Structure formats: C-alpha cells, structure tokens
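The residues making up each chain are set out below.
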Amino acid sequence: MRMSLVLELQDVPGQLVAALEPIASVGANIVTIIHERDAKTGAFVPVQVTIEGDEKTLDLAIKKLTEKGIRIIEKDGIPLKEKVNAILVGKISEEELKGIVDNINTLEGVKVADLSLKMSTTTSTIKITMEAEHKSLKLLEDEIHKIGAKEGLLVITET
C-alpha cells in the first residue's frame, strides 16, 4: 500500500532527515521525496513524501510524525489543513486583538499561525494567517466576519 504525504518543514538544515527518521523507524519504505523549494511559504517548505507499507505501518508512521511535531498538510492529495489569510482594518486595542486571537483559537480545528500588526492612533491593520482543517473552513470564515461586525472592522478574506 502506498501513501503520499506533504509535510511542512522548517527551512533549516536537518529538518528533512528529522522528518524521515520516524517513517523509517516504523519500517515504512520511502519511495519518493520531492522537496518543493519553489513553493516555500515564510519559513516553511513543503516536502512530498511517498511511503509504502501495510496499513498499520503507515498509520504508525503518521502517528510518529505527529508526535514529533511534524505537520502533515496533505494526505493522498487531500489537504488536511489549509492556510487562510484575513485582513482586519479599523480601530482596535491590544486587549481586543488578544480577544480576537483567543476567539479564533477556540474554534475546533482552527489556530492562528501568524499575525502581523500595524497600529496608529487612528487605524490598525491586522493580517492574520490561520490554519484550519478542511471541515472548519466555513466556521472560520463566518466567525471572522462576525468578529469584524462586532468590532466595527473592515474584513478582507481569501475565498
């Protein structure tokens, strides 16, 4: 049985070897590795790994990767988590920003992955990058727009 995984690895020396070790340790065979350097996003680079083994071995490989903190973003061509960007513009305090982040992080299958903030005395611009499981995308988008309406912010999302 074959399985294709896309791993999101930090773009630092040694990360690929660290990601392959859990796969090899459970007896899965590594068939191909495609290092997608041109698809780098921020400090991360996607690496496609095709592995072989019986179902139990492949499940164990995924478990070991997850335990080691290696993020699997796609399995057999199906995204497990997607990145969603939102820009919020308006007057917002640090306390309100913390509340927004906390609110997003309480959604099932969603977490804030990155945040950029530009504050002035009149207007703030916040770029939030979130990771969401595919099943949580609609929930996340609805929540972002609800937050924007509640806080009086202009909301721009990718859809």
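Above this text is the structure in question.
This is a predicted model, so every value here is computed, not measured.

**Observations concerning the sheet that holds strand β3 (residues 44–52)**
Part 1 of the reasoning: One open sheet holds the 5 strands; their spatial order is β2-β3-β1-β4-β5, and the pairing between them is antiparallel. Whereas interior strands pair on both sides, the edge strands pair on one side only; in this sheet they are β2 (29–35) and β5 (78–79).
Part 2 of the reasoning: Taken together, the 2 bridges between strand β4 (residues 71–75) and β5 define a ladder with antiparallel strand orientation. In the sheet register, Lys 75 faces β5, and the bridge partner there is Ile 78.
Part 3 of the reasoning: Contacting β1 (2–10), β2 and β3, helix α1 (residues 15–25) runs over the sheet at an angle of about 145° to β1.
Part 4 of the reasoning: In the packing of helix α2 (residues 55–67) onto the sheet, contacts are made with β1, β3 and β4, and the angle to β1 comes to roughly 5°.

**Considerations on the sheet that holds strand β8 (residues 124–133)**
Strands in a sheet are paired, the pairing made by backbone hydrogen bonds, and the direction either parallel or antiparallel.
Part 1 of the reasoning: Strands sit in the order β7-β8-β6-β9 across an open sheet of 4 strands; the sheet is antiparallel. The open sheet has two edge strands, β7 (110–119) and β9 (154–157), and neither has a second partner. Each strand of the sheet is rotated relative to its neighbour by a mean of 20°, with strand direction disregarded.
Part 2 of the reasoning: As defined by bridge partners, β7 adjoins β8 across 9 bridges and the pair is classed as antiparallel. Across the sheet, residue Leu 115 finds its bridge partner in β8, namely Ile 128.
Part 3 of the reasoning: Along the sheet, helix α3 (residues 94–105) contacts β6 (81–90), β7 and β8; its crossing angle with β7, the most-contacted strand, is approximately 160°.
Part 4 of the reasoning: Sheet strands touched by helix α4 (residues 137–151): β6, β7, β8 and β9. Its angle to β9, the strand with the most contacts, is close to 160°.

**Points about the environment of Thr 125**
Part 1 of the reasoning: Tracing the backbone through its elements, the reader meets Thr 125 in strand β8.
Part 2 of the reasoning: Overall, Thr 125 belongs to the partly exposed group, its relative accessible area being 34%.
Part 3 of the reasoning: C-alpha of Thr 125 to C-alpha of Ile 104: the two residues are 21 residues apart in sequence and 17 Å apart in space.
Part 4 of the reasoning: In contact with Thr 125, not counting residues within four places along its chain, are Ile 87, Leu 88, Val 89, Ser 116, Leu 117 and Lys 118.

**With respect to unusual backbone geometry**
Part 1 of the reasoning: For Asp 76, which is not glycine, the phi torsion reads 50° and is therefore positive.
Part 2 of the reasoning: When you line up the elements, Asp 76 lands in the loop between β4 and β5.
Part 3 of the reasoning: Residue classification places Asp 76 among the partly exposed residues on the basis of a relative accessible area of 44%.

**With respect to the layout of surface pockets**
Part 1 of the reasoning: Roughly 270 Å³ of volume is contained in the largest pocket.
Part 2 of the reasoning: Around the largest pocket sit 15 residues that line it, and Arg 71, Ile 72, Ile 73, Leu 80 and Lys 81 are the ones nearest its centre.
Part 3 of the reasoning: When residues of the lining of the largest pocket are assigned to their parent elements, the largest contribution, 4 residues, is made by β4.
Part 4 of the reasoning: Each residue belonging to the lining of the largest pocket can be placed in one class, and the counts come to 5 nonpolar, 2 polar and 8 charged.
Part 5 of the reasoning: Residue assignment places the lining of the largest pocket across two domains, with domain 1 (1–77) and domain 2 (80–156) each supplying three or more.

**Considerations on the pairing of β3**
On any regular strand, side chains alternate: one points to one face of the sheet, the next to the other face.
Part 1 of the reasoning: By the bridge criterion, 9 bridges tie β1 to β3 in an arrangement that is antiparallel. Bridged to Leu 7 within β3 is Val 47.
Part 2 of the reasoning: Looking at chain direction, β2 and β3 are connected through 6 bridges and run antiparallel. Paired with Thr 32 across the bridge in β3 is Thr 50.

Thresholds applied
- Residues numbered from 1 in each chain as written.
- Predicted model: local features only at pLDDT ≥ 70, side-chain atom pairs only at ≥ 80, totals over all residues.
- Heavy atoms only, no water.
- Pairing = 2+ DSSP bridges.
- Helix = DSSP H or I, 4+ residues; strand = E, 2+ residues; numbered from the N terminus.
- Contact = heavy atoms within 4.5 Å.
- Axes fitted to C-alpha atoms, helices over the stretch in contact; angles between N-to-C directions.
- Buried < 20%, exposed > 50% of the residue type's maximum accessible area, 1.4 Å probe, protein only.
- 1 Å grid on protein atoms, 1.4 Å probe; cavity = no way out; pocket = protein on both sides within 12 Å on 5 of 7 lines; lining within 4 Å.
- Points joined across faces, edges and corners; volume = space filled by probe spheres on them.
- Nonpolar A, V, L, I, M, F, W, Y, C, P; charged D, E, K, R; others polar.
- Domains from an automatic or database assignment.

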